[in-house]
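Chain and residue survey
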Amino acid sequence: MPYTPEYVTPRRYADLGAEIQHIDQQQDRFCPYPAAPGQCEYYGYKDVAYSVPEETDSTGLDDMATTMSALQYYVDIQAGLWGLQDSEALMAVAAFSDGAAVSEAIELIAFDLQRLQASQPGIIDAELLSAAAATDDRCTDSGTGPLSSTYCQATRYVDGLQSQPDWQPVLDKVVRAAAQQYQHSGDYFDALCASVPSAQMLCQLDRSINSFSFDLLVAQFGPGNGTKLAVQGVAYKGDNNKGGYLSGRMVLPNNLSSFPEFDAKVFNHELTHFVIDQYMSGSGVTFYGRMETRLFEEGIPVAFAEQQTWTWEKLAELAQSGGQFLLTQDNYNTRGSLVNYLLVAKTAAEARAKHQALLTFIKTISVYDDIAVAFDHAGFTNHKGQAITLDQFGRDIATWVTELANDADLSQYKTAIQYARG
């Protein structure tokens, strides 16, 4: 598993042209990233929002452009690594992380189903609406008032959708269509509150349209808008602390012109933390809940960024102290190597299956609300192709690593990440 650093490519602010814009958003409800009240000032570039107030005096525009373009490069790569069509789909995962947009999507689907029954045109994708219309329309009163058949259908459709790994990009179509329509004209939704009596997110108590909720939809999904990655720049000092991620915000260097050999894969590493965090949003579990979970919390970002990993021979040497030692070894290289163990394959087909198992694991944690159950159902196998559980992984990893290191065909192995990136 060779390691090759990817150095940052310097960019001038002028190079980014009209794609980079300075935004001083005076209305908090239109801010496309989490910001303190009255502080939604940022530079926006594609899927990245670089916050300004704390860094105005210390950040050069060219350095900021370098950081933003480097991160966007990895955003595009990550979309493919997570099995998504494009960066918009990746941002949809973040946009639905707070749960409110899910409830709003249900109400919007119910409204368009109501219009469909009345032979009126809808704005939601016809294929999606047809699938929702084919759903069982029976449900019980939830205490919020009478539930219409279309609301029941919409709720059941979305519930079923959320049991699938890639549901966010599907619902993204719903709210983007609504945001675009509302930004053009809100008249389309005049009858929503009367047609969908159970609507609470998009309707006020007096059964009138909740303009604040629609404004948020426009901020997150409207044309020219959309949820963005929040970045706070910091002065890099040349040490090992090259970046960070905490609660939806990435901390990245703002002075890269002084460090031309800075390894840009750090951006990819922190971005992986962000994506994992968004996929787990809403679940009651944590990656710190058991010994193996810290491995995935740090190991997957190492593997996805193709950062330095140790040889299997070195890991086999460490394995002499047992699996417990390997799993708790506080070293990024060890963790990345052990996640790569779950991805080693001799053929492209096998690699794709193992890569898919890793994606399924992360994407279904919130579905199962249990890390071990999600792992056990993901389809992981050891290097011999045998199905494994998380308990088996924790118990036997030292033995498996040693066996792999002594495999006569060791040179034939490649990781799924290497296959995925070509």
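In this text the structure is predicted, and so the values were computed from the model without any measurement. (Residues numbered from 1 in each chain as written. Predicted model: local features only at pLDDT ≥ 70, side-chain atom pairs only at ≥ 80, totals over all residues. Heavy atoms only, no water.)

The mixed open sheet is built from six strands, whose spatial order is β1-β2-β3-β4-β6-β5. Edge positions in the open sheet fall to β1 (20–25) and β5 (244–246), since each of these has one partner strand only. Pairwise comparison of adjacent strand axes, ignoring direction, gives a mean angle of 30° for this sheet. In the sheet, strand β2 (residues 40–45) pairs with strand β3 (residues 48–51) via four bridges, with the strands oriented antiparallel. (Pairing = 2+ DSSP bridges. Helix = DSSP H or I, 4+ residues; strand = E, 2+ residues; numbered from the N terminus. Axes fitted to C-alpha atoms, helices over the stretch in contact; angles between N-to-C directions.)

Orientation of helix α3 (residues 100–117) relative to helix α6 (residues 168–184), taken along the N-to-C sense of each, is 70°, at an axis distance of 10 Å. Accordingly, the angle class assigned to the pair α3 and α6 is roughly perpendicular. Residues Ala101, Val102, Ala105, Leu108 and Ile109 of α3 touch α6, and the partners they reach there are Leu171, Val174, Val175 and Ala178. Residue composition of the contact of α3 with α6, by class: nine nonpolar, no polar and no charged. (Parallel < 35°, antiparallel > 145°, perpendicular 65-115°, else oblique. Contact = heavy atoms within 4.5 Å. Nonpolar A, V, L, I, M, F, W, Y, C, P; charged D, E, K, R; others polar.)

Let us now look at the nonpolar core. Among the nonpolar cores identified, the biggest contains 89 residues, and Leu71, Trp82, Phe296, Phe361 and Phe393 are the most heavily contacted of them. Looking at this core, the element that brings in the most residues is helix α1 (residues 61–81), giving ten residues. Those residues in contact with Leu71 that lie beyond four places of it in its chain are Val48, Leu229, Val231, Met250, Leu252, Phe267 and Leu271. (Core = buried A, V, L, I, M, F, W, Y, C linked by side-chain atoms within 4.5 Å. Buried < 20%, exposed > 50% of the residue type's maximum accessible area, 1.4 Å probe, protein only.)

Across residues other than glycine, the phi torsion is negative in most instances, and most of the peptide bonds are trans. Positive phi, close to 50°, is recorded for Ser247, a residue that is not glycine. Position of Ser247 relative to the elements: it lies in the loop between β5 and β6 (249–253). Phi is positive for Glu306, close to 50°, though the residue is something other than glycine. You can see Glu306 is positioned in the loop between α10 (291–304) and α11 (312–318). By relative accessible area, which is 23% here, Glu306 ends up partly exposed.

With that out of the way, let us pick up helix α17 (residues 390–405). Residue pairs three or four apart in sequence face the same way in an α-helix, which turns once every 3.6 residues. With 16 residues, α17 extends 21 Å between its outermost C-alpha atoms, agreeing within 8% with the 22 Å of an ideal straight helix rising 1.5 Å per residue. If you look at α17, its biggest bend is around 65°, right at Asp396. Among the residues of α17, those classed as buried are Leu390, Phe393, Gly394, Asp396, Ile397, Ala398, Trp400, Val401, Leu404 and Ala405. Looking at the packing, one finds that the buried side of α17 touches α10, α11, α12 (323–328), α13 (332–341) and α16 (371–378). (Expected span 1.5 Å × (residues − 1). Bend = angle between axes of the 7 residues up to and from the residue.)

Packing of α1 against helix α2 (residues 87–95) leaves a shortest axis separation of 8 Å and a crossing angle of 90°. The orientation of α1 with respect to α2, classified from their angle, is roughly perpendicular. Contact residues: Gln72, Val75, Asp76, Gln78 and Ala79 in α1; Ser87, Leu90 and Met91 in α2. A class-by-class count of the residues in the contact of α1 with α2 yields four nonpolar, three polar and one charged.

In total, this model carries 26 aromatic pairs according to the counting rule given. On the numbers, 6.0 Å between centres and 90° between planes, the contact of Tyr13 with Tyr43 is edge-to-face. With a gap of 30 residues between them, Tyr13 in the segment before β1 and Tyr43 in strand β2 connect regions that are remote in the sequence. Looking at Tyr43, the relative accessible area reads 14%, which means it is buried. Aromatic pair Tyr236 and Phe262: ring centres 5.1 Å apart, planes at 80°, arrangement edge-to-face. With Tyr236 in the loop between β4 (229–234) and β5 and Phe262 in the loop between β6 and α9 (265–280), this residue pair connects regions lying 26 residues apart in the sequence. (Phe/Tyr/Trp six-rings, centres within 6.5 Å; stacked < 30°, edge-to-face > 60°.)

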